[in-house]
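Each chain, written out:
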Amino acid sequence: MNTSTKLQCEVCNNVVLLKVYGGYVHENRFAFNCPECNITISGYWIWNEDVSQGFVKEFKCNNANRADETSEPSHILQLATEFFTFKIKPYSLSDPTIFLSPYILEQMSSRRSQEKSSLVRMIAEGFDEEYKVAMRIWELFQNKNFKYLDRQLISNHFVEKPRLAVETLNIDYPKVIQLVIINLFSFIFNKQIYLDKLQELRKMLQTLFKKNPQEMIALRNDLSELVTYADRSVVQLLKNFAQYFRLLWPIILSDLFGPDDIQKIKEKQGILTTNFDMLKNYYVEAYEALGSVLPLLLGIQNIKIRADRNKFEPSILHEFNKLQTIKDFEKQIQNKGNRIKFFVKENIFSPLLEPTILDNIIRNSIGHHSYDYKADQQLIRFKDKNRNHDLFLIEFGNLLYKSVFATLAAFEISMFLKYEVPEDNS
Ligand SMILES: [Zn+2]
């Protein structure tokens, strides 16, 4: 299902040729900035499932209209769901790549296209239903509505139905709920290294609790308010990811199947499935939520390395001389960029938690709207006070994608502290 259309900007009348390569999803979103006047042009195509009724079922576009077929385009853009595409470039008949689809270009270099497409198709077909069920189960669990929670868990095959009427269900709810949530995002664990690390983290928490029960109970106690709400705030980030991951398909797929190295391709290639405007607020929310649960992670790290929740790595402690306890860390160090510094020198959560995902300059620059976006290059310049930080859109998208692994680690830890470490009532 390939098609092309000419879009005329409603602001400046400039015409861009949009070539669309329909993959296995029925809806293709796009967003770009007009190369002439820079206004954001965004819209979507919905393909007909029954092609006898024509390829396109619905097409909507903001700030541009379909242009007359005879009009001359200034630029060309390729839109594909699963692949990186060339950034907007001047329309020139002497450029051979304007006639080749991203799929063909990729096939010429590798055989990964088939694998990518089948994953996208699988997720496109099943994810929404699984998401609905998982979030319904999460809500029933939050509301402690065990009667209906049990029914949902059974009817969705997360637990087995008792064979005898007299048998009672013996469900370890937090464990099952964790499984339901993690399972929903299992597709990003195609890359074994993350899955291994998450399972290792689970075992590590159990071992740590056996070895240092008093420290773990004290940590839960010191951070009790945070423990109460942390699981909810990280699940909110996972809900966000469920909304935006489709915008990041090329990034996710290249990470899962390699070997597109973002650093090597970022100058020439990008993504057209989204733009900076659509993603920036997700970053701010991830920054705030992950930043606020960091005390839990740091307490665990201190116990793991020094068997004491209040003993920090000495060289970093040097920078924060008033800091004495993990409670101080939560109360005194409000700047999330400072919080993440404690994971730069030592980091027992790597590669789930990459310190680079929490960037103070990016956060402040989005918050204060002090950034520039060069649409044609897909280059963002973040500005905070006198500091600049340049990122291509695919690098920024990659930060968002990487933040999900940290979110899953935080989910694991917050569930463990809340449900498996007892409260200290003494
Ligand atoms: Zn324009």
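Residues numbered from 1 in each chain as written. Predicted model: local features only at pLDDT ≥ 70, side-chain atom pairs only at ≥ 80, totals over all residues.

A word on the sheet that holds strand S3 (residues 27-33)
Right, on to step 1. With respect to topology, 3 strands assemble into an open sheet ordered S3-S4-S5, the strand pairing being antiparallel. The sheet is open, and its two edges are formed by S3 and strand S5 (56-62), each paired on a single side. Pairs of neighbouring strands in the sheet enclose a mean axial angle of 10°, with direction left out of account.
Right, on to step 2. Direction of pairing for strand S4 (residues 40-47) relative to S5: antiparallel, over a ladder of 6 bridges. When the sheet's bridge partners are listed, tryptophan 45 is paired in S5 with phenylalanine 59. (Pairing = 2+ DSSP bridges. Helix = DSSP H or I, 4+ residues; strand = E, 2+ residues; numbered from the N terminus. Axes fitted to C-alpha atoms, helices over the stretch in contact; angles between N-to-C directions.)

Quick look at the packing of helix H10 (residues 276-306) against helix H14 (residues 360-367)
Right, on to step 1. Contact geometry for H10 and H14: axes closest at 10 Å, N-to-C directions at 125°. Viewed along their axes, H10 and H14 adopt a mutual orientation that is oblique. Of the two elements, H10 crosses H14, and the hand of that crossing is left-handed. Contact residues: H10 offers Lys280, Tyr283, Val284 and Tyr287, while H14 offers Ile362, Arg363, Ile366 and Gly367.
Right, on to step 2. For the contact of H10 with H14, the class distribution of residues is 5 nonpolar, 1 polar and 2 charged. (Parallel < 35°, antiparallel > 145°, perpendicular 65-115°, else oblique. Left-handed = near helix turned anticlockwise from the far one by under 90°. Contact = placed C-beta atoms within 7 Å. Nonpolar A, V, L, I, M, F, W, Y, C, P; charged D, E, K, R; others polar.)

Notes on helix H6 (residues 213-222)
Right, on to step 1. The complete set of buried residues in H6 reads Glu215, Met216, Leu219, Arg220 and Asp222. Down the axis, H6 shows its buried residues gathered within 165° of arc, on one side only. More than 90 degrees from the buried face of H6, the exposed residues found are Pro213 and Gln214.
Right, on to step 2. Structurally, H6 contributes buried residues whose contacts are with helix H5 (192-211), helix H7 (224-244), H10, helix H12 (326-332) and helix H15 (393-419). (Buried ≥ 20, exposed ≤ 12 C-beta atoms within 10 Å, placed from the backbone. Arc of directions from axis to C-beta.)

Here's the deal with the environment of isoleucine 357
Right, on to step 1. Relative to the assigned elements, isoleucine 357 resides in the loop between helix H13 (336-340) and H14.
Right, on to step 2. Under the C-beta neighbour-count criterion, isoleucine 357 is labelled buried, with 22 such atoms within 10 Å.
Right, on to step 3. In this view, isoleucine 357 contacts Leu399, Lys402, Ser403 and Ala406; residues no more than four positions away in its chain are not counted.

Here's the deal with the sheet that holds strand S12 (residues 379-384)
Right, on to step 1. The antiparallel open sheet is built from 3 strands, whose spatial order is S11-S12-S13. Bordering the open sheet on either side are strand S11 (371-374) and strand S13 (387-392), each of which pairs with just one other strand. Neighbour-to-neighbour, the strand axes of the sheet open up by a mean angle of 15°, direction not taken into account.
Right, on to step 2. Packing of H15 onto the sheet brings it into contact with S12 and S13, and relative to S13 it is tilted by some 95°.

A short note on unusual backbone geometry
Right, on to step 1. In this structure, proline 351 follows serine 350 across a cis peptide bond, with omega equal to 5°.
Right, on to step 2. Assignment of secondary structure puts proline 351 in the loop between H13 and H14.
Right, on to step 3. Here histidine 157, not a glycine, exhibits a phi torsion of approximately 65°, which is positive.
Right, on to step 4. Mapped onto the fold, histidine 157 is located in the loop between helix H3 (146-155) and helix H4 (173-184).
Right, on to step 5. A residue is classified by how many C-beta atoms lie within 10 Å of it, and histidine 157, with 8 of them, is exposed.

Things to note about the pairing of S3
Right, on to step 1. Burial runs high along S3: 5 of the 7 residues are buried.
Right, on to step 2. Inspection of the sheet shows S3 paired to S4 by 7 bridges, in the antiparallel sense. Looking at the pairing, arginine 29 lines up with tyrosine 44 of S4.
Right, on to step 3. Between S3 and the antiparallel strand that follows it, S4, lie 6 residues; asparagine 38 among them carries a positive phi value of about 75°.

A short note on the nonpolar core
Right, on to step 1. Ranked by internal contacts, the top residues of the largest apolar core, which has 101 residues, are Val293 and Leu297.
Right, on to step 2. With 16 residues, H15 is the largest single contributor of residues to this core.
Right, on to step 3. Shared between two domains, this core holds at least three residues of each, these being domain 1 (2-109) and domain 2 (185-263 + 274-419). (Core = buried A, V, L, I, M, F, W, Y, C linked by C-beta atoms within 7 Å. Domains from an automatic or database assignment.)

Observations concerning the environment of proline 295
Right, on to step 1. By the element assignment, proline 295 lies in helix H10.
Right, on to step 2. Judged by C-beta crowding, with 25 C-beta atoms within 10 Å, proline 295 ranks as buried.
Right, on to step 3. Each C-alpha atom, one on proline 295 and one on lysine 331, is 9.7 Å from the other, the two residues being 36 residues apart in sequence.
Right, on to step 4. Each residue touching proline 295, except ones within four places of it in the same chain, is listed here: Leu223, Leu226, Ile326, Phe329 and Glu330.

A short note on the environment of asparagine 388
Right, on to step 1. On the secondary structure map, asparagine 388 appears in strand S13.
Right, on to step 2. Along the backbone, asparagine 388 and isoleucine 362 are 26 residues apart, and their C-alpha atoms lie at a distance of 9.0 Å.
Right, on to step 3. Ignoring any residue separated from it by four or fewer positions in sequence, one finds asparagine 388 in contact with Arg381, Phe382 and Lys383.

What about the packing of H10 against H15?
Right, on to step 1. For the pair H10 and H15, the least separation of the axes is 9 Å and the interaxial angle reads 35°. With respect to the hand of their crossing, H10 and H15 are arranged in left-handed fashion. Together, Phe276, Leu279, Tyr282, Tyr283, Ala286, Leu290, Val293, Leu296, Leu297 and Ile300 of H10 and Leu393, Phe396, Gly397, Leu399, Leu400, Ser403, Ala406, Thr407, Ala410, Ile413, Ser414 and Leu417 of H15 make up the contact between the two elements.
Right, on to step 2. Looking at side-chain class alone, the contact of H10 with H15 contains 18 nonpolar, 4 polar and no charged residues.

Thoughts on the confidence of the model for the protein
Right, on to step 1. Per-residue confidence for the protein gives a mean pLDDT of 87, with 89% of residues at or over 70.
Right, on to step 2. The secondary structure element of the protein with the lowest average pLDDT is helix H1 (residues 102-109), at 52, and the one with the highest is H6, at 97. (pLDDT = per-residue confidence, 0-100.)

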